[in-house]
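Next come the chains, spelled out residue by residue.
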Amino acid sequence: MIRQGKSKTPRRPPPKKASSEKDPVGVYCRVRPLGGEDEQCCIEVVSSSTIQLHAPEGFKTNRNGEYKETQYSFQKVFGVLVSQIELFESVAKPLVDDLIHGRNGLLFTYGVTGSGKTFTMTGSPGLGGLLPRSLDMLFNSIGPYQAKRFVFKSDDKNGIEVQNEVDALLERQRRENVCVPKVASSRPKFDPEIADMIRSAEACKTDNVDEDSSYTVFVSYIEIYNNYIYDLLEENQEDAIRPKWNAGGTPVRQNTEFIPPQSKILREDQNHNMYVAGCMEVEVKSAEEAFQVFWKGQKKRKVANTRLNRESSRSHSVFIIKLAQAPLDADGDTILQNQVTVSQLCLVDLAGSERTGRTGAEGTRIREAGNINQSLLNLRTCIEILRENQLYGTNRMVPYRDSKVTHLFKNYFDGEGKVKMIVCVNPKADDYEETLLVMRFAEMTQEVEVARPVDRAICGFTPGRRQRNQAFKEELSRKLQERGGPIDTDISPVLNLPMHSLPPIPSSEVTDAHDDITLPRLIEALQNRHRIRQTMLEDYNKTATTMASLLQQLDSNINSKENLIHEQNSKLLEKDKVIQSNTAEIERLEKKAKMLEHKIDILQKTTKIYEDDKRSLQQELETRAQRLQRELSEKRRMEQRMHGAVTDTQHKWEKECERRVNAMQQEMQNKLWVKDEKLKQLKAIVTEGKTPGRPEPPPRQTQPKPPPKEERVPLPTKRSVSPSPTTSTPVRPLHRRSRSAGGEKWVDHKPSSSVDLGTVLQPIVPNAIKVSTPNEKVLSKCDRYVLTHQEVASDGEIQTQLIKGDVMKTRGGGQAVQFTDIETLKQQLTKIEGRKRKSSEGDSGDQKGGASTNVETRCAVGMEMRAGATMGPGLEHNCITKRRKP
């Protein structure tokens, strides 16, 4: 016996072309009837696509205390009178049709606890929900075209492989020999709780089913409990929590500690689709068998009694219907092994969001409720980020991995199939706040668009192959039946022997004693019959010998075939042992892999915590470094400000002391000058002769001459009362040395538009390079910079500003100027009323006519520091006092 190799599901190309067309997520709303007539209703169905929420009495929705009514629109709204069949035809029937035509689909129910999600998905006897009706429609459509068991086989990697008829037959015999318990039998006994879920009158099926393909249905059932995935179809699910014992018979842990349930893990297949690794997939051949498998897992699902719901789902359940189909060959008899198409429909019953204060949960129930609410919150977050990316063109990462629910169905939101959601609501007033949040989430979900899946390639064979092959087989069996059935061509020539007949015996009546004819004729006939008899015996002996040799040959052939079969069986047993050992090794490695993945998850979570701590510490360190930098800069600015204030105060007191000294010197000189003048006048009076006959005139004061140039005394910087000039002993003027007179080199930038004021005093910048336009070459040779700027002051006089700064080198190799000081130069004109008197007759000619003298003091006030200047040397200036006649 020669066993053919197995063929696996063909790999799709990794760069899958996404469809440019997109469809929005279909969101439907179903309103549950009120539990009692006296309960207050807060939901009103306005139209077939709109509902309106009314705030219950005593509930204020805004600051003014007014009731606020809000309306929400859906693709379709199902009121309290809508039946299960109407809901199925509008929502789930198109998804089943897409499943048969090779497209994926996702349908999940969402709502508050106690809003009718499980009833919508499962139903009750006589009122079947979406799940049993989907199974019924699927098998009504593909029932005549299903392949035999084990022709399609799962490869445990989310793929399907096709076996030939011999391998499938051996697989069926092996399952029967090892007494594997079958899910269905020839006379299935269904649970009375699920009997007659669908009436025969409500059965439906899809059209346009490809009759030239062969189909097989696999189902699996999982639940997501506390963000862990469990297989509800495993046989040992009840013993998931058990104490761990070592080989010595003693418990490894204490009696009060137990091993946590072993959950399944999510993996990515070669087509980048997510699947539950190690999940049991059951091949089913009828809707009743599939629903029996579902009900078997439903009994193991986590439910609990809460204050709001007697049988509240404590986990998210996912029922996966996987359909494998492959076209037949050109003869319509054999399944093509390299053109397998796999599509699946996921029916999800999400656990309801709830508030622990209303449900009265305690202990484990609080933890369950927290995990349920967290997973639903992650679903809302993913939907919200998808909506923002599509509406605003952002590229934020969608956190699918934060929850097992979103991570499992990641491919559907990326364009692997249609997505539909049924929002179940309870109209009672107690659920108003939770219902409001559900409505907002549903409204946001409708704005998310999912790429339309690409249709599968069409097989190039002529349609109608299955019907022609069936008609040919029926005609062949009919003809063989008319001919008496098939005859072995090797034995037929032997059995077709010539038939010999003995001649009849002639009459033996003797009429006469001399009759010589009758007796010889009788003897001749008897001899002829004897000869024919001998011939017949020889022929039959030859035939018997040939038949015996043929039988011996057939026996030898049968023995050789039996020996060959025995050898093949022994080889199969050896292969089975190898397979069992490999299976045990695979299970051991899978357990080890699960343990390592669990450790990896723990390490990843720990790493994430450490990374978050590291990130927070880095942020805190950066914040403190910035704060320290700001404090240092503030400290430097404060030091500069204090240094400037000290310098200003020092300059101020130096000027004040200088002013006071100059004032005292000026006052003393004026006193000496007055005394000298009086003495001179007295001397003139004594020496002059008296005129006779006239009274003696009073003494006359003469105008003194100004002191010589070298005896001029500088005036103080600040304006004060100017005394009369004197001719006393000259005082040496004090000059304040400029701070820029050191070894530093200056750039004296004086624009060509500057106006020459013609004053005697000019700013002197020693060791300077004078330019009208500065350049980098000049700046590189100097350390300091001064700019002469002129503008018109408020009194109409031209005011000159000297803007000083430091020349600094930049990182790029250039030069930059940092301004540090501004000095202002002003020109002021001060008029002082002097003494007036008539000159005597004996005075000189320049004193005749009663000429009077005005004394003006003209002072060029230089280097007046403005408030806020902190540093920088001053420039050298002089002050001059000048006398002139009016």
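Refer to the structure above for everything that follows.
In what follows, the accompanying structure is described.

## A look at the overall build of the protein
Okay, step 1: For the protein, the count of helices and strands is 15 helices and 28 strands.
Okay, step 2: Sorting the 886 residues of the protein into buried and exposed places 36% on the buried side.
Okay, step 3: Across the protein, every contact between residues at least 6 apart in sequence was considered, and the portion connecting residues at least 24 apart equals 71%.
Okay, step 4: Accessible surface computed for the protein: about 55700 Å², of which carbon and sulfur atoms make up 52%.

## What about the side chain of His-407?
Okay, step 1: Turning to its location among the elements, His-407 is positioned in helix 9 (residues 404-408).
Okay, step 2: Classification of His-407 by relative accessible area gives buried; the value is 10%.
Okay, step 3: Dropping the residues within four chain positions of it, His-407 is found in contact with Leu-266, Met-274, Tyr-400 and Arg-401.

## Observations concerning the nonpolar core
Okay, step 1: The biggest cluster of nonpolar side chains holds 56 residues, and the ones touching the most others in it are Ile-51, Phe-74, Phe-409 and Met-439.
Okay, step 2: Those residues in contact with Phe-74 that lie beyond four places of it in its chain are Val-27, Tyr-28, Cys-29, Ser-49, Ile-51, Met-439, Ala-442 and Gln-446.
Okay, step 3: Ala-92, Leu-107, Met-137 and Val-219 belong to the second-largest nonpolar core, a separate cluster that totals 46 residues.

## Details of the sheet that holds strand 3 (residues 43-45)
Okay, step 1: On the basis of which strands lie adjacent, the open sheet formed by 3 strands has the order 3-4-5 and antiparallel pairing. Every other strand in the sheet has two partners, leaving strand 3 and strand 5 (70-73) as the edge strands with one partner each. On average, each strand axis in the sheet is tilted by 25° relative to the strand beside it, whichever way the strands run.
Okay, step 2: Sheet topology note: the strand 4 (residues 50-53)/strand 5 ladder contains 4 bridges and is antiparallel. Within the sheet, the bridge partner assigned to Gln-52 lies in strand 5 and is Gln-71.

## Things to note about a negative patch on the surface
Okay, step 1: The grouping of Glu-37, Asp-38, Glu-39 and Asp-430 at the surface amounts to a negative patch.
Okay, step 2: Residue Asp-430 is classed as exposed on the basis of its relative accessible area, which comes to 57%.

## Digging into the side chain of Thr-788
Okay, step 1: Residue position: Thr-788 is located in strand 25 (residues 784-792).
Okay, step 2: Beyond its immediate sequence surroundings of up to four residues, Thr-788 is in contact with Asp-748, His-749, Lys-750, Pro-751, Ser-754, Thr-800, Gln-801 and Leu-802.

## With respect to helix 4 (residues 130-142)
Okay, step 1: An ideal rise of 1.5 Å per residue puts 18 Å on 13 residues; helix 4 measures up with 18 Å between its terminal C-alpha atoms.
Okay, step 2: The buried count for helix 4 comes to 12 of 13 residues, which makes it a mostly enclosed element.
Okay, step 3: For helix 4, the set of buried residues is Leu-130, Leu-131, Pro-132, Arg-133, Ser-134, Leu-135, Asp-136, Met-137, Leu-138, Phe-139, Ser-141 and Ile-142.

## Observations concerning the pattern of salt bridges
Okay, step 1: Evaluation of the coordinates by the stated rule reveals 25 salt bridges.
Okay, step 2: Among the salt bridges present, the one from Glu-585 reaches Arg-588, with a minimum N-O distance of 2.3 Å. Of this pair, Glu-585 and Arg-588 both sit in helix 14 (residues 518-687), 3 residues apart, which is roughly one turn of that helix.
Okay, step 3: On the accessibility criterion, Glu-585 (34% relative accessible area) is partly exposed.
Okay, step 4: Between Glu-656 and Arg-659 there is a salt bridge, with the nearest N and O atoms lying 2.4 Å from each other. A residue pair is termed a helical-turn pair when its members lie 3 or 4 positions apart in one helix, as Glu-656 and Arg-659 do in helix 14 at 3 residues.
Okay, step 5: Take Glu-656: its relative accessible area is 16%, and that puts it in the buried class.
Okay, step 6: Taking the relative accessible area as the measure of exposure, Arg-659 reaches 24% and is therefore partly exposed.
Okay, step 7: Members of the salt-bridge network, linked through shared partners, are Asp-98, Arg-103 and Lys-418.

Conventions used here
- Residues numbered from 1 in each chain as written.
- Predicted model: local features only at pLDDT ≥ 70, side-chain atom pairs only at ≥ 80, totals over all residues.
- Heavy atoms only, no water.
- Helix = DSSP H or I, 4+ residues; strand = E, 2+ residues; numbered from the N terminus.
- Buried < 20%, exposed > 50% of the residue type's maximum accessible area, 1.4 Å probe, protein only.
- Contact = heavy atoms within 4.5 Å.
- Areas by Shrake-Rupley, 256 points an atom, 1.4 Å probe, with all protein chains shown as cover.
- Core = buried A, V, L, I, M, F, W, Y, C linked by side-chain atoms within 4.5 Å.
- Pairing = 2+ DSSP bridges.
- Axes fitted to C-alpha atoms, helices over the stretch in contact; angles between N-to-C directions.
- Patch = residues over 30% accessible without salt bridge, like charges linked within 9 Å, V, L, I, M, F, W, Y side chains within 5 Å.
- Salt bridge = Lys/Arg side-chain N within 4 Å of Asp/Glu carboxyl O.
- Lys, Arg positive; Asp, Glu negative; His and termini not counted.
- Charge placed at Lys NZ, Arg CZ, Asp CG, Glu CD.
- Expected span 1.5 Å × (residues − 1).

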